[in-house]
Structure formats: structure tokens, C-alpha cells
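The primary structure of each chain is shown beneath.
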Amino acid sequence: MGPKPVVVLKKLSIDQVQRIIRHSKSGKNRLSSGKSGKRGMDPAVLKELPPELLAEIESTMPLCERVKMNKRKRSTVNEKTKYAEVSSDEDFDANGEAARKRHRRDKGDKAWESEERERRGSGEHRKSWGHRDNRRSSGSRYRDSSSDESPPPSMSEVARKLKMKEKQKKRKAYEPKLTQEELMDSSTFKRFLTSIDNILENLEDVDFTTMADDDEIPQELLLGKHQLNELGSESAKIKAMGISSRIPSDKLVKLLNILEKNIQDGSKITTMMNHELDAEDEERLRRDLIMERVTKSADACLTALNIMTSARMPKAVYIEDVIERVLQYTKFHLQNTLYPQYDAVYRLDPHGGGLLSSRAKRAKCSIHKQRVIVMLYNKVCYIVSNISELLEIQLLTDTTILQVSSMGITSFFVENVSELQLCAIKLVTAVFSRYEKHRQLILEEIFTSLARLPTSKRSLRNFRLNSSDRDGEPMYIQMVTALVLQLIQCVVHLPFDKDTLDEYDSKVDQDLLITNSYETAMRTAQNFLSVFLKKCGSKQGEEDYRPLFENFVQDLLSTVNKPEWPAAELLLSLLSRLLVHQFSNKQTEMALRVASLDYLGTAAARLRKDGVTSKMDQRSIDRILQETPGNDETQQLQKALLDYLEENAETDASLVFARKFYIAQWFRDATTEAEKSIRNQNQKDEDSSDGPHHAKDVESTGEIMQRAEKRKKFLRNIIKTTPAQFTTLKMNSDTVDYEDSCLIVHYLASMRPFAQSFDIYLTQ
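Values in this document were obtained by computation on a predicted structure and should not be read as measured data.

Brief notes about the overall build of the protein chain
Here's step 1: Assigned secondary structure in the protein chain consists of 35 helices and two strands.
Here's step 2: For the protein chain, the proportion of its 764 residues judged to be buried stands at 47%.
Here's step 3: Across the protein chain, the fraction of contacts at a sequence separation of at least 24, relative to all contacts at a separation of at least 6, is 75%.
Here's step 4: Accessible surface for the protein chain amounts to roughly 40,800 Å². Of this, 51% is attributable to carbon and sulfur atoms.

Section: the packing of aromatic side chains
Here's step 1: For the structure shown, the criterion picks out 12 aromatic pairs.
Here's step 2: Both rings, one in Phe 463 and one in Trp 565, keep their centres 5.7 Å apart while their planes meet at 70 degrees; by these two values the pair is edge-to-face. Of the two residues, Phe 463 is situated in strand S1 (residues 463–468) and Trp 565 in the loop between helix H25 (546–559) and helix H26 (567–584); the sequence distance between them amounts to 102 residues.
Here's step 3: According to the relative accessible area criterion, Phe 463 is buried, its value standing at 14%.
Here's step 4: Given a relative accessible area of 4%, Trp 565 falls into the buried group.
Here's step 5: Arranged with centres 4.9 Å apart and planes meeting at 50 degrees, the rings of Phe 549 and Tyr 599 form a pair that is tilted. Here Phe 549, found in helix H25, pairs with Tyr 599, found in helix H27 (residues 590–613); they are 50 residues apart in sequence, far enough to count as distant. There is no split in this pair, since Phe 549 and Tyr 599 are both buried.
Here's step 6: The ring of Phe 432 carries Arg 439 above its face, with NZ or CZ at 5.7 Å from the centroid.

Here's the deal with unusual backbone geometry
Here's step 1: Even without a glycine there, the phi angle at Asn 416 is positive, about 70 degrees.
Here's step 2: Residue placement: Asn 416 occurs in the loop between helix H19 (398–410) and helix H20 (418–434).
Here's step 3: With phi around 65 degrees, Asn 561 is a residue other than glycine that occupies positive phi space.
Here's step 4: Within the secondary structure, Asn 561 is located in the loop between H25 and H26.

Some remarks on the confidence of the model for the protein chain
Keep in mind that low pLDDT regions are not for reading the predicted coordinates in detail.
Here's step 1: This prediction gives the protein chain a mean pLDDT of 76; 64% of its residues lie at or above 70.
Here's step 2: Per-element confidence in the protein chain ranges from a low mean pLDDT of 39 for helix H8 (residues 126–129) to a high of 95 for helix H22 (residues 479–490).
Here's step 3: Note that pLDDT drops below 50 for residues 75–150; the model gives that stretch 87 contacts with residues more than four away or on any other chain.
Here's step 4: Contacts for the low-pLDDT stretch residues 352–358, under 50 throughout, to residues beyond four places or in other chains number 13 contacts.

Side note on the pairing of S1
Within a regular beta strand, the side chains point alternately toward one face of the sheet and then the other, so they alternate between its two faces.
Here's step 1: Here three bridges tie S1 to strand S2 (residues 474–477), and the two strands are oriented antiparallel to one another. Within the sheet, the bridge partner assigned to Phe 463 lies in S2 and is Ile 477.

Describing the pattern of salt bridges
Where charged atoms from two side chains of opposite charge approach closely, those side chains can pair.
Here's step 1: Here the structure, examined in full by the defined rule, presents 18 salt bridges.
Here's step 2: For Arg 246, the salt bridge identified is with Glu 181, shortest N-O distance 3.4 Å. Here Arg 246 is found in the loop between helix H13 (225–241) and helix H14 (249–265), whereas its partner Glu 181 is found in helix H11 (residues 180–184), with 65 residues between them in sequence.
Here's step 3: Overall, Arg 246 belongs to the partly exposed group, its relative accessible area being 36%.
Here's step 4: The structure contains a network of salt bridges with shared partners spanning Lys 239, Glu 389 and Lys 426.

Focus: the nonpolar core
Here's step 1: Within the largest apolar cluster, 164 residues are counted, with the highest numbers of intra-cluster contacts made by Met 308, Ile 383, Ile 387, Leu 391, Ile 446, Ile 488 and Phe 532.
Here's step 2: A per-element tally of this core places helix H15 (residues 281–308) first, with 11 residues.
Here's step 3: The residues contacting Leu 391, other than those within four sequence positions of it, are Leu 396, Ile 401, Val 404, Leu 427, Ala 430, Val 431, Arg 434 and Tyr 435.

Concerning the pairing of S2
Here's step 1: Burial along S2 is one-sided: Met 475 and Ile 477 are buried, while Pro 474 and Tyr 476, pointing the other way, are not.
Here's step 2: As consecutive antiparallel partners, S1 and S2 are separated by five residues, and within that stretch Gly 472 has a phi angle of approximately 85 degrees, a positive value.

Quick look at the packing of helix H12 (residues 187–202) against H13
Here's step 1: One can describe the packing of H12 onto H13 by two numbers: an axis separation of 10 Å at closest approach and a directional angle of 135 degrees. Taken together, the axis directions place H12 and H13 in an arrangement best described as oblique. Of the two elements, H12 crosses H13, and the hand of that crossing is left-handed. Here H12 contributes Thr 188, Phe 189, Arg 191, Phe 192, Ser 195 and Ile 199 to the contact with H13, which in turn contributes Gln 227, Leu 231, Glu 234, Ser 235, Lys 237, Ile 238 and Met 241.
Here's step 2: Counted by class, the contact of H12 with H13 contains six nonpolar, four polar and three charged residues.

Looking at the packing of helix H18 (residues 371–393) against H20
Here's step 1: For the pair H18 and H20, interaxial distance at closest approach is 9 Å and the crossing angle is 15 degrees. Viewed along their axes, H18 and H20 adopt a mutual orientation that is roughly parallel. Regarding H18 and H20, the two cross each other, and that crossing is left-handed. Here H18 contributes Tyr 377, Cys 381, Val 384, Ser 385, Ile 387, Ser 388, Glu 389, Leu 391, Glu 392 and Ile 393 to the contact with H20, which in turn contributes Ser 418, Glu 419, Leu 420, Cys 423, Ala 424, Lys 426, Leu 427, Ala 430, Val 431 and Arg 434.

Comments concerning the side chain of Thr 330
Here's step 1: Here Thr 330 lies in helix H16 (residues 320–342).
Here's step 2: Residue classification places Thr 330 among the buried positions, given a relative accessible area of 0%.
Here's step 3: Separated by 2.7 Å, the side chain of Thr 330 and the backbone oxygen of Val 326 make a polar contact.
Here's step 4: Other than its neighbours up to four places away in sequence, Thr 330 contacts Val 380, Ile 383, Val 384, Ile 387 and Met 407.

Things to note about H26
Here's step 1: For H26, built from 18 residues, the straight-helix expectation of 26 Å at 1.5 Å per residue is met to within 8% by its first-to-last C-alpha distance of 26 Å.
Here's step 2: The buried fraction of H26 is high, at 13 of 18 residues.

Notes on H19
Here's step 1: Compared with an ideal rise of 1.5 Å per residue, which puts 13 residues at 18 Å, H19 spans 18 Å between its outermost C-alpha atoms and is within 8% of the ideal.
Here's step 2: Residues Thr 400, Ile 401, Val 404, Ser 405, Ser 406, Met 407, Gly 408, Ile 409 and Thr 410 constitute the buried set of H19.
Here's step 3: Looking at the buried positions of H19, the neighbouring elements they touch are H16, H18, H20 and helix H21 (439–449).

Calculation rules
Residues numbered from 1 in each chain as written. Predicted model: local features only at pLDDT ≥ 70, side-chain atom pairs only at ≥ 80, totals over all residues. Heavy atoms only, no water. Helix = DSSP H or I, 4+ residues; strand = E, 2+ residues; numbered from the N terminus. Buried < 20%, exposed > 50% of the residue type's maximum accessible area, 1.4 Å probe, protein only. Contact = heavy atoms within 4.5 Å. Areas by Shrake-Rupley, 256 points an atom, 1.4 Å probe, with all protein chains shown as cover. Phe/Tyr/Trp six-rings, centres within 6.5 Å; stacked < 30°, edge-to-face > 60°. Lys NZ or Arg CZ within 6 Å of the ring centre and 35° of its normal. pLDDT = per-residue confidence, 0-100. Pairing = 2+ DSSP bridges. Salt bridge = Lys/Arg side-chain N within 4 Å of Asp/Glu carboxyl O. Core = buried A, V, L, I, M, F, W, Y, C linked by side-chain atoms within 4.5 Å. Axes fitted to C-alpha atoms, helices over the stretch in contact; angles between N-to-C directions. Parallel < 35°, antiparallel > 145°, perpendicular 65-115°, else oblique. Left-handed = near helix turned anticlockwise from the far one by under 90°. Nonpolar A, V, L, I, M, F, W, Y, C, P; charged D, E, K, R; others polar. Polar contact = N/O pair within 3.5 Å; in protein donor to acceptor, adjacent residues only side chain to side chain. Expected span 1.5 Å × (residues − 1).

Here's what the structure looks like:
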């Protein structure tokens, strides 16, 4: 590259300027990254020239060059603003611009990387770093620069910082910016209130008390298709705003009674048509009218549920008849409209004879669905999700809960309804957590339906995990496995939970409450495994449970040491003892003994392989420890993991159960360690007399007791911290991402007995 031109203001003649132009056209004075592209002068030079010289230069330029130059002038202000954030110098020269352009082309340059990050915030990096799965694939963008004197940050460190900056931006974006009074002035709220007033005004004279269920619904009570659709969407917006409670409760109660009649209108209409008459216009018209009524009822359900599940609603809106009608509608159309459309096994034989039992029919099932069916399916998914929210707010009768749990569990044995199953996990978990009397019934219903689980690879595993395998491919487990893990985790309740405060007297020992709660989860897991394993003996008719149990074990091995699935470790630990007991018991039938040995070998080999191949990233552990206050390594890591789960519970409510499970598990571990130490000491006291060894044992027992009490106190403080306080007390939530949390779980698990529990079976 030749020497750069020296610009002396007001002292260049026209000939000299023309020479500069010719020189630049010949390429001798071209800067590698100038704004003028491949031709013309550098804008930094032109910027410094006086106006009269610029005018003269323009007159000698070709037309295309003049057009470019005018464009450049118009964009000068924007360019200065754009680069003002980057450059600390007021004089922005061509060298700086050229260097920045070179850096932009050279994506491996670390110096540019930090500069670009400061300039753009989180705007650009979202494309490459926003998703956790892209961390591996986007590593080639940032190679180490050999010219850097100090060692560059590692690729994982860069990715972590970028992701944390992104999370902070998102958190700020979700902060409420308007007060409730300002939200009430919004057009959405006013429109919804006007709609309610119009409906109530038109139906002012109607008396609902005189109407029986079997009576024909008056036409004036049935709202229009668009009216119900708008009510559904507007009520969802107002629920999200958190201002539904500002609507007068008497108006809402009247609206809910009207909506109940609109739900009833489409709650028991069968949509199954005679397909032989599909070509007939009359049959098509009849089908369209029926589907319109069913869709209107779905919108009425959604509106009613949006009102009832909004924040801080008065008790008057939880009308039992409305809730019953919503459940009646949902259950009927799942069984008679959606399941037959999505899974051929649930279709009625057109020639009579009930359900088609052959699984071969599933292979012939058409994937193509009518648009109206897909719309109804999406609405029903929202309804199921809202019912689970209602369960968290309002206690329902046992009869209603039986309907809810049955409706939720049935969906896990239907194919091609993954979205509905995700909503049903939330629904069944809410029942299992709050209604202890129904737990055994739910487990029994799962057991009776296990034979209907899909076994084809196409629809076997549909629940996607957050983690990936060693090849970077996403990992999946069965929906029913995800359900069972969630059910075991949701059993744990801690002191200061709103449910626990209602059920237990405040005088009950809180330590005992935590320990008993975790042991209830253990009994639930033991019960499930023992019943499931018993079914794996000799074949029961056409049903063979062994492939199903094998798939379940594989799922447990995929979820172990993942932060959101702490129950997987408990299940595998209990399973190992159960399998050893089964195959060593000579009274057990031979088929079950052989199967038990096979499952034990599979689990032990897989866990051993994972233990050998997985490397503990000590650098990341040290970083987390440095950024987390405290001097007890175990407590620091536990705090970091609990912070991570608490923060991400905003997007995944199931993490609340996982967090409680970890706390109860660690609390029980500390209690068990202290009790075991006391038992050992008492035994030594009986066996030995006073002496130096005895004094040392007493001292070590005292240390163990002190350490256990310290850990229990730490966990008690975490339990007492309310969620509102927790958000302000979090110190290190921005230091831990998903990969770090997996590492913490793996590290903490290595100190528990489970880590070595399967090794003994491989050495025998």
C-alpha cells in the first residue's frame, strides 16, 4: 500500500486536486476499507476539504461518482452517531475506520470481538449465541489471535458472558413499565369492559335460576362466533396485564353464567361424520355448522378460565357449575373428536363393533388434518393448561378431581398429541401435588394403561430434554417417563409453602416435616418401580411389559445428573436395590430374575461408561466458587444451583418442584449423616473403654454433627426466604448457565452414595 495523502486545507490548487483524483482512480491511493468501496476517494480525506474545493472536485467527476458522493454526504450524520459509541477520540480518522473494517472481516480477532460486544450490546450476538445448543457449533467464529500479548478468554467464557448479558436484557424487558391505573386506561381493557356491558344489557331480563340442564338454551343467550372469539383473546390479554380483578365481580359472575350456557351448547355434539356422504353439499354444511358450535364453546371455555385463573380474583368467580361444564366439554371432545382424528386406534369402526383395536391401523393413519380440527386441538391444549392453573388456585371437589386426573392421564397413551401431553403433565402434577388421597388412584390408572404405550420408534420418545448427546444431537425421553419423574418430585413440600401451612399445625417440627416429605417421595418411587417390575415377569396374555420397562430404564439413564430431574437418581438408586433383591431371591420366577439381572447390567454399564468418559471441568467449578460468597464448597455449589433453578422457574414452572426436591434431599442427607455418626459412636462406647482412640472418635463425631447442623441451618435459611426476597438476594444467578448447572449436579452427586452404588455389581 502506498503512502497516505497529506491533506492541507485551503492550499491545494485545482490541478493538484485533479491529480489526487486521477491517482485514486488508478488505485495507488486506495484504502483497503474505505467507505467509497472499490473506486473513488476516501471519505476521511473528502471530509477535511473546504466546500469550494469539494464543488470543484464534483464538477470534474463522472455522474456515477457524483451520485455516490451525494449519498455519502447525506449519511454523514448517521455515521458519526454510529461510531460515536466506539471511538473515544473526537477526531475520527481514516486509519481507525480502516482498522475497524478489517476487524469486521477478520472474525477471529479478539480485540474486535470485545469492541463489537461493547458497541452492539446484545443486538448482534443473539443470532449466534442466543440458544444454548449453538455453543458448540459457533466456536469457529472466535479463534485465538496469535498477535495478542495476553492470553485470550476461552470460547466457553465468551459464550457465557454473552448469554448472561442477553439474560439481563430480557429481564429488563419484562419489568412492568405501566401502573395498573395506566393499564386500565388501555384500549384493550376498555374494549373488554364495553363488550361485557353490551352483553349484560342485552340479556338483562333473562333469569338463569329457572333453567334446567335439559332445557333448550334460548337463542338470545348464545353469543356470536366473532364475539366469543374476541372475548377469549381480550380476556387473555387482560389476564397477562394482571388487571382482571379490577372488573366488578357482579359483572364477571353474570358473564360466567352466560358463558356456561354457551359451553353447554357445544359440549355434547358429536363431530364424527358419515364420510361416505362427504361429497354431498348438505353433509358438508351440517359438518361446518357443528364445528362452528364446538369452536364457539371452546372460546367460551377459554374466556371463563382466563377470568378464573387471573391474579387476585374474588372467590365469587369460582363457580362450580362453570368448572364442571368446562371439564365436561373438554373430556367429551378429547375422546370423541380429537383422539379419533390424531390416533386411528381411537376411531370407531364405521360398520359397528366399537374401537379399532389393531395397532396396525396407526401406520395407516393420515397425518393431514383439517384446519378447523387443528384450531380446535390448539384451543383444547390452552384449556387443559388453564385447568392446571385453576387447580393451583382453587380447591375442587373429589368428584371433579377424579374427572381431571382421568382426562389428563388418558392423553399419555394416545399418539401424535405431544403438545397436549405437555399440558397434561402440568395438569396431573398439580393434582398429584395437592390431593394426597388421589395419588394411589393416579398411579393405578397409569399402570392399567401402560400396555397401550406406543412402542414404535416414530412416536416413542417425544419429550425433548435441554441437554444434547456427545454428537450434539438433542435427547428425548418418553412423555410417560417425564410424567412419572414430575410426580415423584412434586410430592415434596417444605415449611412455609402455602399448601403446607394449611395442612400442618405450626407446632409440628419443621425438620421432621422436610424429612417425612422426602421419604414420601421415596415411597412413591418404590411403589411405582415394584409394581412396574412385577409386570415384567411372564407375559400376561398379549401384553409384554419388558420392552416398556427397558425403555423406562433408558430414559432414567438419560435424565440422571440433569438439574431439572433430581428424581432420576433416586429412582435408579432404588431400582438397583430392587433388582438385586429380585434376582437373588430364589422364590421369584425365573423370567423376572433373568430380566432383573439384564436391567441391572444395562444400568451399571451405562453409568460406568458415563463416569469414565465425562470429565470434571475443575476450572468452571473454581469460577463458580469464586463468584459465590461463602467458605463451604458444598454450600456454595448448592446455593449456585438453587439460584439457577429459582431464576429459570419463571419460564419452566416444574423447576419449582425440582428445587424443593434438592433442598429436602440435602436436608435428609445431613440428618442421616448425623444419625449414623451418633449410632456408630454409641456402638463404640459400648465396645471400648476410655482411651486416646475413644477421645479421637468422640471428637470426629462432634465435627460431623457440627457440619451437619451447619448445612441444615443453611438450608433452613433458604427455605425461609420468600420468592420476592429471593430475587433481590440472588448474587450469582448470572454466573451459572445450563451447562454449569449440569456440572454442579454431577459434582455434588459424586459425593453421594449413588455415584459408587452400581460399581460393586461390575466387580462381582
